[in-house]
Structure formats: C-alpha cells, structure tokens
Amino acid sequence: VTNVATVLSMLGSPAAFIGKIGNDYHGECVRQDLIKHRVLPKLSVSDELPTGKVFNLVLPNGQRFFLVDRGANSNLLLGDIDEDTCLNSNIVYLSGYSFQDNITKSSIKNLVNDISPNVKILFNPGAPNLCEKYKEEFLNLIRNHVDIVILNEDEALALTGCSESDAIQELLSLGIDTCAVTMGAEGSVVASSFEALTITADLIVNPVDTTGAGDAYAAAFIHGLQHGWDLKKVGGFASKIAADMVKVYGTR
C-alpha cells in the first residue's frame, strides 16, 4: 500500500499512509521514503515486533511472487489508526492483506464501521488466494461499506465466480459505485451503474518486471477520480501508468 500512496503523490495528489513499523532501521527507512515522496507518514511504532518485509522474486518473463513477513503490521491496533486523517480524506484505500491478521482485521473493521458513512472506501482484495480464503468477509465488506473496488481478473474470478464484465456486474449489484477489473496487457474493464467500458492498454510484449503495476493502476485511478474525470479518461490514464510501470525494474 505504500506504493499506492507514493505513486499517487508522484502524480500530484496529496496522500497519507497509515501503518505500523518496528522500532528499527527498516522502519526509519520506510518513514524517510514516505517523507521523500511527500506522503504524510501516520506511522505507529512497535517495540515488540520488527518492521514488516517483503521479498520480491522476479522471474525471467517479468512475473513475480512475494515472500512476506508482515511484522508490526500484523498487530495494528485501532488506537494506532489516525481516524481524523481518514475522515479528512476523500478516499480511503484498504487492502485485503490486512485481513490475514486477526488483530489488524478487527481494527480495520471497526474503523470502517466508523468512517464509511462519511468517506469513500476503495477496496483491493490483494490476491486470488485471499479472495478464496476470505470470500464471505470481503463480500460483506463490499456490500456494507465499500464504494469502489479495484481487482485483477484472477481475483475477480475467485471472489465472484465470474470473469471480467460479469464479475463487475456482480460487484455493482452489491451497491458499489465504481468497479475496475485489470487484465494485464489486455487493459481493463471499468464500470459504474451507468456504463461499462473496455479500456485497451499499450501492449507490453516482454514486461521487465510486473511488480507494482496493480498499485500504479490503483493510484492513477484514484488520481483521476480526485480530479473528477469521466470513467473512460480515468481508466485510460490508469492503464497507461500501469503499462509504463512494467517497462522498468522496481515499483516506482
């Protein structure tokens, strides 16, 4: 999620990040990186758990997979979350990864109950395996609190049992305002209750590194919504930013 906040800031939209770090060198690196990219760091500090780490393994075809130690973020308490920052935001971005830890999940649920009547909630489930494991919880969250859903085609299939356009209609039927399903080099399908659009991306025949493409798409999508763009322009811009991301190594 730090990638989403950082790319959003790089695009020119103000962003804050709420999370928990360890009282260690890596935690200070996270703080300084957020500050460097003009993201407001709302970070609580744990003296018991280290800063979370992600080991990213990039394959020759540009695809990647992660080894994750969530560290301090596995123990995010409700008191660690600055609710005023959420309430003063136009959009609050939530990731399904937070549902892996019972304490953090409980904190997120309590927060959403408090803020969702006043703030737009954007939810990204994070991974197909999370959609399978927490399917009912994710669907209940979407049904009761979420306004915008962004997910990839594998996540959409795992969560709804449908692909692309049908998955979007299933999610829209739960009461959300906007939905986007990303499909890699094929672009994305974006929709509201009024329209559904297929957005074509620039074809990347040999991606260098797909790490961060989904985060870049989400950040650009939020940026477009913040500026009041129509859905076609939002989807096209998000696809372009994501396509640019896979041409280089890394997430920025």
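Quick look at the structure, then. The structure displayed is predicted, hence computed values, not measured ones.

1. Some words on unusual backbone geometry
Non-glycine residue Arg-38 carries a positive phi angle of around 60 degrees. You can see Arg-38 is positioned in the loop between α2 (25-36) and β2 (39-46). Judged by relative accessible area, Arg-38 falls into the exposed class, the value being 73%.

2. Focus on the packing of aromatic side chains
Overall, the coordinates contain six aromatic pairs when judged by the stated rule. With a centroid separation of 5.0 Å and 70 degrees between ring planes, the pair formed by Phe-123 and Phe-138 is classed as edge-to-face. With Phe-123 in strand β6 (residues 120-124) and Phe-138 in helix α6 (residues 135-145), this residue pair connects regions lying 15 residues apart in the sequence. Residue classification places Phe-123 among the buried positions, given a relative accessible area of 0%. Between Tyr-134 and Phe-138, the ring centres sit 5.9 Å apart and the planes meet at 35 degrees, which makes this aromatic pair tilted. Here Tyr-134 matches Phe-138 in class, with each residue buried. Every member of this aromatic cluster is reached through a ring pair, and the members are Phe-99, Phe-123, Tyr-134 and Phe-138. We note Lys-233 situated over the ring of Trp-229; from NZ or CZ to the ring centre the distance is 4.4 Å.

3. Describing the sheet that holds strand β10 (residues 196-199)
Taking strand neighbours across the sheet as the criterion, the six strands line up as β5-β6-β7-β8-β9-β10 in an open arrangement whose pairing is mixed. Unpaired on one side and paired on the other, β5 (91-95) and β10 mark the two borders of the sheet. Each adjacent strand pair in this sheet contributes to an overall mean axis angle of 15 degrees, direction not counted. For strand β8 (residues 178-182) and strand β9 (residues 188-192), the ladder comprises five bridges, and the chain directions are antiparallel. Counterpart to Val-181 in the pairing with β9 is Val-189.

4. What to know about the pattern of salt bridges
Counted by the stated rule, this structure contains seven salt bridges. Across the pair Lys-20 and Asp-80 runs a salt bridge whose closest N-O atoms are separated by 2.9 Å. With Lys-20 in strand β1 (residues 15-22) and Asp-80 in the loop between β4 (64-69) and α3 (83-87), this pair connects stretches of sequence that are 60 residues apart. Classification of Lys-20 as buried rests on a relative accessible area of 7%. We classify Asp-80 as buried; its relative accessible area is 17%. For Lys-120, the salt bridge goes to Asp-177, with nearest N and O atoms at 3.2 Å. One end of the pair, Lys-120, is in strand β6; the other, Asp-177, is in the loop between α8 (164-172) and β8, and 57 residues separate them in sequence. Taken together, the shared-partner salt bridges in this structure form one network comprising Lys-105, Lys-109 and Glu-137.

5. Here's the deal with the nonpolar core
Core analysis: the biggest nonpolar cluster contains 39 residues, and Ile-142 and Leu-171 have the highest contact counts within it. Leaving out residues up to four positions away in the same chain, Ile-142 has contacts with Phe-123, Val-149, Leu-159, Leu-171, Leu-174 and Ile-176. Membership of the second largest hydrophobic core comes to 31 residues, among which are Val-7, Leu-122, Ala-216 and Ala-219.

6. A word on the environment of Thr-104
Mapped onto the secondary structure, Thr-104 falls in helix α4 (residues 102-115). Along the primary structure Thr-104 and Asn-75 are separated by 29 residues, whereas in three dimensions their C-alpha atoms are 5.6 Å apart. The contacts of Thr-104, once residues within four sequence positions are left out, are Arg-70, Asn-73, Ser-74, Asn-75, Leu-76 and Ser-98. Within the structure, Thr-104 has its side chain in polar contact with the backbone nitrogen of Leu-76 (distance 3.1 Å).

How each quantity is defined
Residues numbered from 1 in each chain as written. Predicted model: local features only at pLDDT ≥ 70, side-chain atom pairs only at ≥ 80, totals over all residues. Heavy atoms only, no water. Helix = DSSP H or I, 4+ residues; strand = E, 2+ residues; numbered from the N terminus. Buried < 20%, exposed > 50% of the residue type's maximum accessible area, 1.4 Å probe, protein only. Phe/Tyr/Trp six-rings, centres within 6.5 Å; stacked < 30°, edge-to-face > 60°. Lys NZ or Arg CZ within 6 Å of the ring centre and 35° of its normal. Pairing = 2+ DSSP bridges. Axes fitted to C-alpha atoms, helices over the stretch in contact; angles between N-to-C directions. Salt bridge = Lys/Arg side-chain N within 4 Å of Asp/Glu carboxyl O. Core = buried A, V, L, I, M, F, W, Y, C linked by side-chain atoms within 4.5 Å. Contact = heavy atoms within 4.5 Å. Polar contact = N/O pair within 3.5 Å; in protein donor to acceptor, adjacent residues only side chain to side chain.

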